[in-house]
Number of protein chains: 2
Amino acid sequence: MGETGTGRREATVSDVARVARVSKATAARALGDYGAVSDAVRDRVQRAADELGYRPNALARTMSTGRSHTLGIIIGDIENPFFAKATRGAANVAAEAGYDLILSNSDEEPSVEAKAVAVQLAKQVDGLLIAPASSLEPGNLQPVLDAGRPLVLFDRTVPGVDVDAVITDNRAGARQLTEMMLAAGHRRIAFMSTLAHKGGYRAGDTLSSSAVADRVIGFVETLSAAGIARPEAFVHLNARRDGVDALASRLLDGGDAVTAIIASDSLIALEVFRAAQERGVLIPQQLSLAGFDDAPWMSVTTPGITVVEQPIHEIGAQATRILLHRIRGDGQRPETTILPQTLVERGSVASPKV
Amino acid sequence: MGETGTGRREATVSDVARVARVSKATAARALGDYGAVSDAVRDRVQRAADELGYRPNALARTMSTGRSHTLGIIIGDIENPFFAKATRGAANVAAEAGYDLILSNSDEEPSVEAKAVAVQLAKQVDGLLIAPASSLEPGNLQPVLDAGRPLVLFDRTVPGVDVDAVITDNRAGARQLTEMMLAAGHRRIAFMSTLAHKGGYRAGDTLSSSAVADRVIGFVETLSAAGIARPEAFVHLNARRDGVDALASRLLDGGDAVTAIIASDSLIALEVFRAAQERGVLIPQQLSLAGFDDAPWMSVTTPGITVVEQPIHEIGAQATRILLHRIRGDGQRPETTILPQTLVERGSVASPKV
DNA sequence: CTGAAAGCGCTAACAT
DNA sequence: ATGTTAGCGCTTTCAG
């Protein structure tokens, strides 16, 4: 009952063995292409398998070998272009090596992430790729370590958890962007992120995303070096909760008015761009805009948007390469790989009106 | 050797049973939350499990129950926003029901798809979600049917394969877009797709994507009804192979010059938009542009881009709901669900210059 | 080179 | 309510 399809049981190694008139072990050797089998027998087995429509059961194999040839990947949201790209990079190297990916979206929610970790471990993934929902709480990663399963973090690190990670040089990127704004003559520059954070940002606060944290540090230190007072006051977090639009509104013509905005990702950049447009605020004449992460559409807007670009594909690809190494039993000490960010200048930055 | 981590073997039901001083079956019942167990024993088992850091092996469970609580999803490319959205829709309803997703990218390559199907089946997915790489060759889907595994197609159908499918009304959408162009006064309107197709498009040709095929039909029949001669000549496929830019160039000022272009997806719309911009062709004054699939950036370009929008999330979600029904053993005849497309008018369409 | 048998971790009858 | 015993489909000693 409930048996879908023809109801015909799937052929197993035993069935093939019987038809080929060999032992189960021999059939398995021929089918699984291991051990030694004479050509004659191999042929006979193959024929029997074809005849029966034999399809291997990878789980049974995993049960006895201990290797599932499956990796787990836990990201914030596959709809976010950043994660889609990183995932594709990971999928490419995984597929190349004969591995599959089980995908879970955490929505940056530690509790969801925790469940995803448990499920993936239960499904015996050979290793995990995680863009941790929180850089502050190592708790979610502990089960992975306890299970002795290889783990590689990407996009964010989790201080205190001694595993491999692949990130980019966010601090340098932020510095670059900020210096560019400064060089153009801006003094009131806002940094905007959707990262959730209790209260306003204060110097020394630790943020739940190490990536954003690094960006903020690069931003603040650059403003500081330029002699700007209270640079922390220009850091605006919680843009999702407060509404990018409402925030942009304050930044555009409200009390916190600035002449330049640095968006922490392409989604925010888009919303700021839209907010400016809706308010008739001209970019770059009245507002300079720049951000992190390039996107195809950023070169067709008027003006194009200046960004610092990350090798997102490579982040996922490299993380997966490292994970595969670990799975194969590489005993090196964990390392954090830092990929570069590169500036792509377009037309959204200009000198502020005097 | 090769043993990563602490080397400590993972605790199993047997271990827990021993520590809790009960039989394996009882421990399993308590842990797996099935059968009947006294509260006292349940407690004892739970404590033992915690103490040992017991983590269930979902594969072993699958081996005996036959259910993996895992679905396979095979798409063209997770980086394509269309697939990312559909996948997210699928992941949401899957997670809600306690299912995971194994993701494979086919790159629209039937041979890659075939391998993905084999692997997913081997991994005992309970069902498959596939955006078939080719609507013309049912061959890749046969193994799924043979294995008696539920299958739901999305975005495209495969005539001749009697399974559920979730698509949108591409023909109506194309008609709507074409009528809009006609109403604006256009007579030379191009339809552009990256779909690979041997030779130029001729009336009656069957295309390898039923979605594009339907769009082409809606487009051609509308032109036809308006008395346009040889409407097929306005259908341009292979835009990837030929280069969207080169093609756009011909369409913009070359021999095939048109006054309006309908792009078959958001990626093409972007490239056409860019090509026009680079050539200094003004939209909508010199060229009207419209396309399929909405994207966030389409409302911030100058002008905004008019599109017919599909409920992409829902495509994936609905396909998954249906798949889950089938897995639970629903005996209904397979159905094709057709979701609506809705027009979103922005500024990229105007009357052609006389 | 081939076969017999044990075992991976769990669930499912079938007792008791 | 709890225990006993077979498996699920495959790989892997260990013999021969």
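Calculation criteria
- Residues numbered from 1 in each chain as written.
- Chains lettered and ligands numbered in written order.
- Predicted model: local features only at pLDDT ≥ 70, side-chain atom pairs only at ≥ 80, totals over all residues.
- Heavy atoms only, no water.
- Axes fitted to C-alpha atoms, helices over the stretch in contact; angles between N-to-C directions.
- Helix = DSSP H or I, 4+ residues; strand = E, 2+ residues; numbered from the N terminus.
- Parallel < 35°, antiparallel > 145°, perpendicular 65-115°, else oblique.
- Left-handed = near helix turned anticlockwise from the far one by under 90°.
- Contact = heavy atoms within 4.5 Å.
- Nonpolar A, V, L, I, M, F, W, Y, C, P; charged D, E, K, R; others polar.
- Least-squares fit on C-alpha atoms with pLDDT ≥ 70 in both.
- Near = heavy atom within 4 Å.
- Polar contact = N/O pair within 3.5 Å; in protein donor to acceptor, adjacent residues only side chain to side chain.
- UniProt positions renumbered as here; feature names shortened; annotations may be inferred.

Residues and elements named next belong to chain A. Running from N to C, helix α1 (residues 13-20) and helix α3 (residues 39-52) cross one another at 120°; their axes reach a closest spacing of 8 Å. The angle between α1 and α3 falls in the class oblique. Crossing hand, α1 versus α3: right-handed. Mapping the contact onto sequence places Asp15, Val16, Val19 and Ala20 in α1 and Arg44, Val45, Ala48, Ala49, Glu51 and Leu52 in α3. Taken together, the residues that form the contact of α1 with α3 break down as seven nonpolar, no polar and three charged.

Moving on, we get to the relation of the copies chain B and chain A. Related by rotation about an axis and a shift along that axis, the two copies of the chain form a pair. Laying chain B over chain A is done by rotating through 180° and shifting 0.0 Å along the axis; what remains is an RMSD of 0.1 Å. The transformation just described matches what one would write down for a two-fold rotation axis. Residue by residue, 98% of the interface of chain B is reproduced at the interface of chain A, so both copies engage with the same surface.

Another point: the protein's contact with DNA strand D. The immediate surroundings of DNA strand D are formed by 26 residues, with A:Val13, A:Lys24, A:Tyr54, B:Arg29 and B:Ala36 found nearest. Among all atoms of DNA strand D positioned within 4 Å of the protein, those belonging to sugar or phosphate total 62%. Here a phosphate oxygen of DNA strand D sits 3.4 Å away from a polar atom, N or O, in the side chain of A:Tyr34. At 3.0 Å from a phosphate oxygen of DNA strand D is found a side-chain nitrogen or oxygen belonging to A:Arg61. Looking at the surface near DNA strand D, the elements with two or more residues in it are α2 (24-32) and α4 (58-65) of chain A together with α2 (24-32) and α4 (58-65) of chain B. Here the surface near DNA strand D takes five residues from α4(A), the largest share from any one element. In terms of residue class, the surface near DNA strand D is made up of 14 nonpolar, eight polar and four charged.

Now for the UniProt feature "domain: HTH lacI-type" (unreviewed entry) in chain A. The UniProt feature table records "domain: HTH lacI-type" (unreviewed entry) at residues 11-65 of chain A. Here residues 11-65 of chain A runs as 71% helix and 0% strand, with 21 Å between its end C-alpha atoms.

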